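Letter by letter, the chains look like this.
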Amino acid sequence: QVQLVESGGGLVQAGGSLRLSCTASGRTSSTYTMGWFRQAPGKEREFVAAIRWRTGNTYYADSVKGRFTISEDNAKNTVYLQMNSLNTEDTAVYYCAADEGGSAFYWRTLFYETWGQGTQVTVSS
C-alpha cells in the first residue's frame, strides 16, 4: 500500500505563489494516477489536478487551468503542484491522492484509494 505525505502549504497574499509536494512511499510501482484535490470550509472536496504516473499526461480543473501546474519526479516518488496567481478562492486544505486501480475517472474522489493528511493553503486579500 502507498503512503502519502504532503508539504508546502502556508499563508500567501493574493497574486502570490506556493508549491505543494506529495511524497509517496510503499508500493509506489502500483500507482497509476496521482491527484490533487482541495476542500474549503463547508464545501465538498473538489478535483484540482492529476497526472498519470507512467505517461506524464496531466489534467486540470477549469478553475486552475493556466495558473497551476502538476509535475512529477519519479526518482523521488514525488508529485508537485505549483500554484501561481493565487486568489482567495484557492483557500482550502489541499490533499494528494493515489489511484492504484487504473481508473479513467481521475476527477472523481471515489477512485482514489490512498489520501494524504492534507496541507492548509490560505490566500489573503
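As shown above, the structure is provided for reference.
Here we summarise the structure given alongside this text. The structure presented is a predicted model; accordingly, all values stated were derived computationally and were not measured.

### Re the pairing of strand β7 (residues 68-73)
Pairing analysis gives six bridges linking β7 to strand β8 (residues 78-83), with the strands arranged antiparallel. Bridged to Glu72 within β8 is Val79. Connecting the antiparallel pair β7 and β8 is a turn made up of four residues, with Asn77 showing a positive phi of about 50 degrees.

### A word on unusual backbone geometry
One non-glycine residue with positive phi stands out, namely Asn77, at about 50 degrees. With respect to the helices, strands and loops of the structure, Asn77 is situated in the loop between β7 and β8. A positive phi angle, close to 50 degrees, is found at Ser85, a residue other than glycine. Positionally, Ser85 belongs in the loop between β8 and β9 (92-99). According to the relative accessible area criterion, Ser85 is partly exposed, its value standing at 41%.

### Considering the pattern of salt bridges
On inspection of all chains with the given rule, the structure shows four salt bridges. When the shortest N-O distance is used, the salt bridge between Arg38 and Glu46 registers 2.6 Å. The exposure class of Arg38 is buried, given its relative accessible area of 6%. As a salt-bridge pair, Lys65 and Asp62 come within 3.2 Å of each other at their nearest N and O atoms. With respect to class, Lys65 is no different from Asp62; both count as exposed. One network of salt bridges, in which partners are shared, links Arg38, Glu46, Arg67 and Asp90.

### Things to note about the environment of Ala75
Note that Ala75 resides in the loop between β7 and β8. Residues Ala75 and Ser103, spaced 28 residues apart in sequence, show a C-alpha to C-alpha distance of 24 Å.

### What about the environment of Ser25?
In this structure, Ser25 sits in strand β3 (residues 18-26). Among the residues examined, Ser25 registers a relative accessible area of 37% and is labelled partly exposed. Along the primary structure Ser25 and Gly35 are separated by ten residues, whereas in three dimensions their C-alpha atoms are 15 Å apart. For Ser25, the contacting residues outside a window of four places in its chain are Gln1, Val2 and Gln3.

Definitions and cut-offs
Residues numbered from 1 in each chain as written. Predicted model: local features only at pLDDT ≥ 70, side-chain atom pairs only at ≥ 80, totals over all residues. Heavy atoms only, no water. Pairing = 2+ DSSP bridges. Helix = DSSP H or I, 4+ residues; strand = E, 2+ residues; numbered from the N terminus. Buried < 20%, exposed > 50% of the residue type's maximum accessible area, 1.4 Å probe, protein only. Salt bridge = Lys/Arg side-chain N within 4 Å of Asp/Glu carboxyl O. Contact = heavy atoms within 4.5 Å.

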